Amino acid sequence: MEDDRTGMSLETLKRAFADHLFYLQGKDASSADLADYYSALAYTVRDRLLHRWLATQEVYACKAVKRVCYLSAEFLMGRHLGNSLINLNLFEKIDQAIRESGLELQDLLSEEEDPGLGNGGLGRLAACFLDSLATLEIPAIGYGIRYEFGIFYQQIRDGWQVEIPDQWLRLGNVWELPRREEAVEIKLGGYTEGYHDPKGNYRVSWVADRIILAVPYDTPVPGYDTNVVNILRLWKAEAGDEFNFDAFNAGNYDRAVADKMSSENISKVLYPNDNTPQGRTLRLEQQYFFVSASLQDMIRKHLALNPTLDNFQDSFAIQLNDTHPTVAIPELMRLLVDEHAMDWDAAWSITNRTFAYTNHTLMPEALERWPVRLLGPTLPRILEIIYEINHRFLEDVRSWYPGDEARLSRLSIIEEEPEKSVRMAYLACIGSHAINGVAALHTELLKRDTLHDFYELWPEKFFNKTNGVTPRRWILLSNPQLAALFTEKIGKKWLSNLDELKQLEPCAEDPEFRSRWQAIKLHNKQVLAEKIYERTGIEVDPHSLFDIQVKRIHEYKRQHLAVLHIIALYNQIKANPGINIQPRTFIFAGKAAPGYYQAKLIIKLINAVGTIVNRDPDVRGRLKVVFLPNFSVSLAQYIYPAADLSEQISTAGKEASGTGNMKFSMSGALTIGTLDGANIEIREEVHPENFFLFGLTAEEVAALKDKGYRPRDYYNSNAQLKEVIDQIANGTFSPSEPDLFKPITDSLLQQDDYMLLADYQAYVECQDEVSKAYRDQDNWTRMSILNSVRTGKFSSDRTIAEYAKEIWKVDPVEVPLEVYDPANAGLGWGKTCDID
Ligand SMILES: *Cc1c(COP(=O)(O)O)cnc(C)c1O
């Protein structure tokens, strides 16, 4: 008989499911609820991952392979169960097994808490990368923080965002395994002192005043159609026992309790800011906490297989996802020099060969700077090491550019004004052998502006790695009918090589294929319409054009530009109720940082305009405005596949890449967008005639700023725009509080940092083109098909293959089936390294 924990037959799966319900949940059919059934199924699937997990880790250790360590303060993984079913190729069989047990698989999948351990694009990128790393069989570990509270749950009350704590661990988490035996200690606070070691060398030791325990929790990351299961290792903060017992034994119970609470605070909650750093000590502690724990973990793994740390760079390639983990650079120096007695130059060479840095933003206010006043007391030894790195670096610069004092102060890691601070991006550039942007334009702007001086020093360090997304989650799991159509036509190989979809280009000319394509899109729109009704009570027409903007709410992303257009359309209808306009449903979703008032006011504005427009009998269902609460990966999986039009309308030069733009396009949405981030490359791939382009270019934005941008000129010379702005300002959409939206209109008329008014006319004219194009459904469908089948470049498999080859220099490692043959299981299993 097949093994209950590894067998893949229908009968075994059904038996294992029933067993787990009984023995792990302690329930039977008469007492179980959906959450119990979910857990029983999740354990059934986890069993099947565990064999592959252990086998993979054994192969990695035995072969002493080089591993990629992806350091990220955020991982926005999305629900695990559906993805695991897909990657294990178990989806259909489990679907059948669950149906034959009298249940619906979708109901069980929806029971899983969505682990929201990230804010938006940056965290989701990390998750797509882990999927691609495992799929490409690249040995990798994701390192991050096990936040007890992830990104807040967003409710909308009276049109305003309300933040509710995200208690995602309340019912436990099937997918993680704690590894208490691998906990490490983290120092904080205190002071440093010099001493001479027995050999007479001067050395420094850090006398901390707090020791925190970092406890790892491991989550399996299975690749698609491979035996590889990599690990996501997230650290939880706990009080260091010894330390607390000291205080306790000294009779200071209050102090012991306070220390315990403050220690556990470190991994308590994700900071909900996106693209705006918050200079709080706790945030700095979070960064240092997970980075130090991860490096200590790597050093232990390395020393288990090697006599010294001299070849550390052959064991690990560390990627810094933005500057959040940059303190890893001085921390590795500290571990090598202070704790492992290596000399500085040797340690620096290892550090430099190990690290690579990904920049995610050009906006100066979004670049992390840590005030010395805050860094010094929290991480005294780290600050000394940063000063030493800077000192040696500036000596080099001095020798390369004698007498160029201006350059020295431009390049210094330490910024003096307005407050003495550490520029984390500079530290990352100096300590890494590779620096990359996340789309072609972004990388060019880094080289030209933001990091220009570093580009002059080290042009060979700069790379572009255009972002990507995983087609497993973003096509197969979220758009199953489209995936089935692809597979019917060209087999399954597109799932691991998305360029294969190109073969389908001729289908755009096939009327039968087009009508199937339309039917799938309509189905996805109907499913989303039901979600919208469930969650907002608004009825929308699936035959209207679904015009969607979902992403974090931020002024640079310009959700309010879309609102200006909606109001202009509304005014046209009011002025001429018989007018023939393309019916549209405008769908928004996204969270605002709780402290970002202007962004929260934009949410309120969207809802206020919706309230007026949706109820107006003159509009008669031609326009609907919907704000879907709590944008998250699980909600996103319903949204992208249902879009006709994808709004990617950031001010040119502000969006580093975007990945939402790619997910929309893959599911056949057409884009209305600016020449920003990856939009440029999407337009190139799908061809310009299948993309609605508008707006200033990054150069034009900069030139207009230079010559003196006057938003009021646009307002005064455009009657339609003036009417819209005046209505927002005079309370048309907030009759009980006429001044409510003044902060938005004041900002637009006075500074308009993101140049909405300059781009307004081009935007509404482009939207008219969209409406015209949508009327020709044959041609729209043709364009939709070509968008989707030409997105091969935007698979994260392509991105990861480039990082692996050009930056990490790592090779795939196969995990042979025999390693997890259940016949080999038992106590002897895993003890040998006799794999070739
Ligand atoms: C893809 C994604 C994002 C990023 O969207 P952009 O449009 O690139 O800003 C943010 N949040 C979630 C949940 C996503 O899936």
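These figures come from a predicted structure and were not determined experimentally.

Definitions and cut-offs
- Residues numbered from 1 in each chain as written.
- Predicted model: local features only at pLDDT ≥ 70, side-chain atom pairs only at ≥ 80, totals over all residues.
- Heavy atoms only, no water.
- Helix = DSSP H or I, 4+ residues; strand = E, 2+ residues; numbered from the N terminus.
- Buried < 20%, exposed > 50% of the residue type's maximum accessible area, 1.4 Å probe, protein only.
- Contact = heavy atoms within 4.5 Å.
- Pairing = 2+ DSSP bridges.
- Near = heavy atom within 4 Å.
- Polar contact = N/O pair within 3.5 Å; in protein donor to acceptor, adjacent residues only side chain to side chain.
- Areas by Shrake-Rupley, 256 points an atom, 1.4 Å probe, with all protein chains shown as cover.
- Nonpolar A, V, L, I, M, F, W, Y, C, P; charged D, E, K, R; others polar.
- UniProt positions renumbered as here; feature names shortened; annotations may be inferred.
- Expected span 1.5 Å × (residues − 1).
- 1 Å grid on protein atoms, 1.4 Å probe; cavity = no way out; pocket = protein on both sides within 12 Å on 5 of 7 lines; lining within 4 Å.
- Points joined across faces, edges and corners; volume = space filled by probe spheres on them.
- Core = buried A, V, L, I, M, F, W, Y, C linked by side-chain atoms within 4.5 Å.
- Axes fitted to C-alpha atoms, helices over the stretch in contact; angles between N-to-C directions.
- Phe/Tyr/Trp six-rings, centres within 6.5 Å; stacked < 30°, edge-to-face > 60°.

Tracing the backbone shows Tyr-191 in strand E7 (residues 191-196). Residue Tyr-191 is classed as partly exposed on the basis of its relative accessible area, which comes to 45%. Dropping the residues within four chain positions of it, Tyr-191 is found in contact with Ser-205, Trp-206, Val-207 and Pro-380.

The next point concerns the sheet that holds strand E15 (residues 421-423). Read from one edge to the other, the open sheet built from three strands follows the order E13-E15-E14, with strand pairing classed as antiparallel. Sheet topology places strand E13 (369-371) and strand E14 (414-415) at the edges, where each strand pairs with a single neighbour.

Quick look at the site of the ligand now. Not every one of the 16 residues close to the ligand is listed here, only the nearest: Lys-551, Lys-557, Thr-659, Gly-660 and Lys-663. At a separation of 2.8 Å, an oxygen atom of the ligand approaches a polar backbone atom of Thr-659. Contact distances for the ligand include 2.6 Å between an oxygen atom and a side-chain N or O atom of Lys-663. Relative to its unbound accessible surface of 390 Å², the ligand loses 96% to contact with the protein. Of all the secondary-structure elements, those providing two or more residues to the shell around the ligand are helix H6 (121-135), helix H24 (633-639) and helix H25 (660-666). Considered class by class, the residues forming the shell around the ligand number six nonpolar, six polar and four charged.

With numbering aligned to this structure, UniProt lists the feature "modified residue: N6-(pyridoxal phosphate)lysine" (unreviewed entry) at Lys-663. Along the chain, the position of Lys-663 falls in helix H25. Using a relative accessible area of 6% as the deciding quantity, one classes Lys-663 as buried. Apart from residues no more than four positions distant in its own chain, Lys-663 is found in contact with Arg-124, Val-469, Trp-474 and Tyr-640.

This paragraph deals with the environment of Thr-192. Residue position: Thr-192 is located in strand E7. Linking Thr-192 and Pro-380, residues 188 residues apart in sequence, is a C-alpha distance of 6.8 Å. Excluding residues that lie within four positions of it along the chain, Thr-192 makes contacts with Val-204, Ser-205, Trp-206, Pro-380, Arg-381 and Glu-384. At a separation of 2.6 Å, a polar atom in the side chain of Thr-192 contacts the side chain of Glu-384.

Relative to the helices and strands, Glu-163 is located in strand E4 (residues 160-164). Taking C-alpha positions, Glu-163 is 32 Å from Ser-796, a pair spaced 633 residues apart along the chain. Among the polar contacts listed, one links the side chain of Glu-163 to the side chain of Gln-161, at a separation of 2.8 Å. Among the polar contacts listed, one links the side chain of Glu-163 to the side chain of Lys-600, at a separation of 2.8 Å.

The next point concerns helix H33 (residues 796-808). The end-to-end C-alpha distance of H33 is 16 Å, clearly below the 18 Å that 13 residues give at a rise of 1.5 Å each. Looking at H33, one finds that the buried residues are Ser-796, Asp-797, Arg-798, Thr-799, Ile-800, Tyr-803, Ala-804, Ile-807 and Trp-808. Of the residues that open H33, the one with a side-chain oxygen 3.0 Å from the backbone nitrogen of Asp-797 is Ser-795.

Quantified by volume, the second largest pocket comes out at close to 1,100 Å³. If you go around the second largest pocket, you meet 43 residues; those closest to its centre are Phe-91, Gln-106, Leu-476, Leu-477 and Pro-480. No other element matches the seven residues that helix H21 (residues 511-536) contributes to the lining of the second largest pocket.

With that settled, consider the nonpolar core. Ranked by size, the top nonpolar core spans 118 residues in total, and within it Leu-71, Phe-454 and Trp-808 carry the most contacts. Counting residues in each nonpolar core, the second largest holds 71 residues, with Leu-569, Ile-649, Phe-694 and Leu-721 among its members.

On the basis of which strands lie adjacent, the open sheet formed by six strands has the order E20-E19-E18-E21-E22-E23 and parallel pairing. At either end of the open sheet lies a strand with only one pairing partner, and these are strand E20 (623-627) and strand E23 (692-693). Of the strand pairs in this sheet, strand E18 (residues 545-550) and strand E19 (residues 584-589) are connected by six bridges, and their pairing is parallel. Directly across from Val-550, in E19, lies its bridge partner Ala-589. Packing of helix H22 (residues 559-575) onto the sheet brings it into contact with E18, E19 and E20, and relative to E19 it is tilted by some 155°.

What follows is about the packing of aromatic side chains. Scanning all chains against the criterion turns up 23 aromatic pairs. Measuring from ring centre to ring centre gives 4.7 Å for Tyr-640 and Phe-664, while their planes differ by 90°; the resulting arrangement is edge-to-face. Of this pair, Tyr-640 sits in the loop between H24 and strand E21 (645-648) while Phe-664 sits in helix H25, placing them 24 residues apart in sequence. By the burial criterion, Tyr-640 is buried, and Phe-664 matches it.

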